[in-house]
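# Residue-level structure breakdown
The lines below spell out each chain.
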Amino acid sequence: MQKAAWLGTAFTPAVKNEKLTGMSEHTHHLSDRLSAIAPSATLAVTARAAQLRAAGEPVIGFGAGEPDFPTPDYIVRAAQEACADPANHKYTAGAGLAQLREAIAEKTLRDSGYEVDPDSIVVTNGGKQAVFQAFHALLNPGDEAILPTPYWTSYSEIINLTGARTVKVFAGADQDYKVSVDQLEAARTPATKVLLFCSPSNPTGAVYTREEVREIGQWCLEHGVWVITDEIYEHLLYDGAEPAHIVAEVPELADQAIVLNGVAKTYAMTGWRVGWMIGPKPVITLAKNFQSHLCSNVCNVAQQAALAAVSGPLDAVMEMREAFDRRRQRMVEILTPIEGLEVPRPQGAFYVYADCRALLGREVAGQVCQTSQQLASVLLDEAKVAVVPGEAFGPSGYIRLSYALGDDDLVTGCERIADVLNRAS
């Protein structure tokens, strides 16, 4: 049986200073900065699962961080109408359509509970561009950025590109994957400039309480630490978890906070590529200037679709959340009894982050797995299930499973995992 060797390379840093094949010996070296970037592990898992399915393998993928639902009809219709409007065939303001920025401000007041000036908003090509611009607007070489761990894989790569140092603060399953203020204070140095905060969290599904959010916000305020808060999963909450927005909880923090958001997860619009950042005017000016050279404006048709999304009702969002909640409960129900697997019950997003450290060093399907990366490879080979190993998000010893897939596939995939892992010795 062919082994999933791809998992062994998906997390290997790119070779630095590799010369272009076929060029003369005097060719220039490639960029050291870009050569140091590792490819997105989550996209690698999703792509490999699709490749195996195309080859006839019955692979079920738990890697994708995107809703499996179509974009709601009323949003699609808005895009179709926008295509026919010549105004959308031309360049528009680099910071985003004025109507969209006004709607985002109104949506922020509705959902987050505080007022935002539309001129303090920049519309970006998806959430990733907002993350990139936020870190690059704040960080210089020699600065430090605190990154609660486990973390979304792109955060650390983007911080590294600024020349700043990433300071990882780990919180395990025993803390529900939530860092404490004591941990943050222990990590703080005179070089600390930024804290990345994400609740609900990717990859863990952890949700901080209002009190925890307020305490962290007060800590940032007291020590002059900027906070970049990623709120892309704000509407995906379960088990009575309350939405808590750090700027709403600590209003004085607004002058040292950048809020990141977008339509991708809430409205099943991952492919439309519309996000935004909200922040103090000096930061937003830097982002506008950068974006004017990088990409001019975000696609006008996608912006019109986003306008329909953020200014419309949340009915479709609530229907999707209900489905995610059902799948979340079923996944936890199937995985929890597996010996050696600890499965904290997530309260947000659409991920389960299982602690598999007790399985490492044991024989699984004839192989002794020393890392979660090796365990993920065995699950792909033996169970025909693709999960993302913890190495993509921090320390080894964990696996992330997305429950943003059909109910039948979810149950079948989880049962396959249970069948393989229950035979571990």
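Summarised in this report is the structure supplied together with it. The residue count restarts for each chain, going from 1 along the sequence in the order it is written. Note on the predicted model: pLDDT of at least 70 is required for a residue's local features to be given, and 80 or more for side-chain atom pairs to be given and counted; whole-chain, interface and lining totals, by contrast, use all residues. Side-chain metrics in this entry use all non-hydrogen atoms of the structure; hydrogen atoms and water are not considered.

## Points about helix α15 (residues 407–421)
Convention followed: Put simply, DSSP marks the helices as runs of H or I at least four residues long and the strands as runs of E at least two long, and each gets a number from the N terminus on. Expected helix span is given by 1.5 Å per residue-to-residue step, counting one fewer step than there are residues. Whether a residue is buried, partly exposed or exposed follows from its accessible area with a 1.4 Å probe, protein chains only, as a fraction of its type maximum: under 20%, in between, or over 50%, in that order. In this context, the arc is that of the directions from the helix axis out to the C-beta atoms. The criterion used for residue contact is that any of the two residues' heavy atoms lie within 4.5 Å.
When the terminal C-alpha atoms of α15 are compared, their 21 Å separation across 15 residues agrees well with the 21 Å that a helix rising 1.5 Å per residue should span. Buried within α15 we find L410, G413, C414, I417, A418, V420 and L421. In a view along the axis of α15, the buried residues occupy a sector of 165°, so they form one face of it. Tucked inside the fold, the buried residues of α15 contact β1 (60–61), α13 (315–335), β10 (363–364), α14 (372–383), β12 (385–386) and β14 (398–402).

## Brief notes about the packing of aromatic side chains
Geometrically, a pair of aromatic rings is defined through the distance of the ring centres and the angle of the planes. To be explicit about the condition: Between 30 and 60 degrees the pair is tilted, below 30 it is stacked and above 60 it is edge-to-face, where a pair is any two Phe, Tyr or Trp rings, Trp via its six-membered ring, whose centres lie within 6.5 Å.
Tallied over the entire structure, the rule returns 13 aromatic pairs. Plain terms: the ring middles of Y177 and Y398 are 6.1 Å apart, the flat faces sit at 75° to each other, and that makes the pair edge-to-face. Here Y177 is found in the loop between β4 (165–170) and α8 (181–187), whereas its partner Y398 is found in strand β14, with 221 residues between them in sequence. Residue classification places Y177 among the buried residues on the basis of a relative accessible area of 6%.

## Remarks on the nonpolar core
A general tendency of soluble globular proteins is for nonpolar side chains to be buried together. Here is the rule we go by: Nonpolar cores were defined as sets of buried Ala, Val, Leu, Ile, Met, Phe, Trp, Tyr and Cys residues, with membership established by side-chain atoms within 4.5 Å.
Core analysis: the biggest nonpolar cluster contains 51 residues, and L100, I146, I216, C220, I246, V263 and V274 have the highest contact counts within it. The greatest single-element share of this core, amounting to 7 residues, is contributed by helix α12 (residues 300–311). Residue contacts for V263: discarding those within four places in its chain leaves A268, M269, V274, W276, A306, A309 and V310. Within the second largest apolar cluster, 44 residues are counted, among which are L341, A354, C414 and A418.

## Points about the pairing of strand β3 (residues 144–149)
The side chains of a regular strand alternate between both faces of the sheet. For the record, the criterion: We call two strands paired when DSSP finds no fewer than two bridges between them. Handedness is read with the strands pointing away from the viewer; a crossover is right-handed when the path from the first strand over the helix to the second is clockwise.
Summarising burial for β3: 6 of the 6 residues are buried, a large majority. Of the two faces of β3, the one lined by E144, I146 and P148 and the one lined by A145, L147 and T149 are each fully buried. Sheet analysis places β3 next to β4, joined by 6 bridges and oriented parallel. The partner of I146 across the bridge, within β4, is V167. Handedness of the β3-helix α7 (residues 153–162)-β4 crossover: right-handed. When β3 meets strand β5 (residues 192–198), the two strands line up parallel, connected through 3 bridges. Each residue of the ladder has a partner; that of E144, found in β5, is T192.

## So, the sheet that holds strand β8 (residues 275–278)
In plain terms, the rule: Throughout, an axis means a line fitted to C-alpha atoms (over the contacting stretch in the case of helices), and angles, computed between N-to-C directions, take values from 0 to 180 degrees.
The sheet built from 7 strands is open, its strands ordered β2-β8-β7-β6-β5-β3-β4 with mixed pairing. Since the sheet does not close on itself, it has two edges, and those belong to β2 (121–124) and β4, each with one partner. Pairs of neighbouring strands in the sheet enclose a mean axial angle of 20°, with direction left out of account. Sheet contacts for helix α5 (residues 98–112): β2, β7 (257–262) and β8; angle to β2, the most-contacted strand, approximately 110°. Its contacts with the sheet place helix α6 (residues 126–138) against β2, β5, β6 (226–230), β7 and β8, and it is angled at close to 30° to β8.

## Considerations on unusual backbone geometry
Cis geometry marks the peptide bond from S199 to P200, where omega comes out at -5°. Position of P200 relative to the elements: it lies in the loop between β5 and α9 (210–223). N202 connects to P203 through a cis peptide bond whose omega is 25°. With respect to the secondary-structure elements, P203 resides in the loop between β5 and α9. Of note, the phi angle at A268 is positive, near 55°, even though the residue is not glycine. Residue class for A268 comes out buried when judged on its relative accessible area of 9%. A positive phi angle, near 60°, is found at A349, a position not held by glycine. Residue position: A349 is located in the loop between α13 and β9 (351–355).

## A word on the environment of V250
Here V250 shows up in the loop between α10 (246–249) and β7. Once the C-alpha coordinates of V250 and N297 are considered, the two residues, 47 residues apart in sequence, prove to be 32 Å apart. Once residues lying within four places of it in the same chain are set aside, the contact partners of V250 are R214, G217, Q218 and L221.

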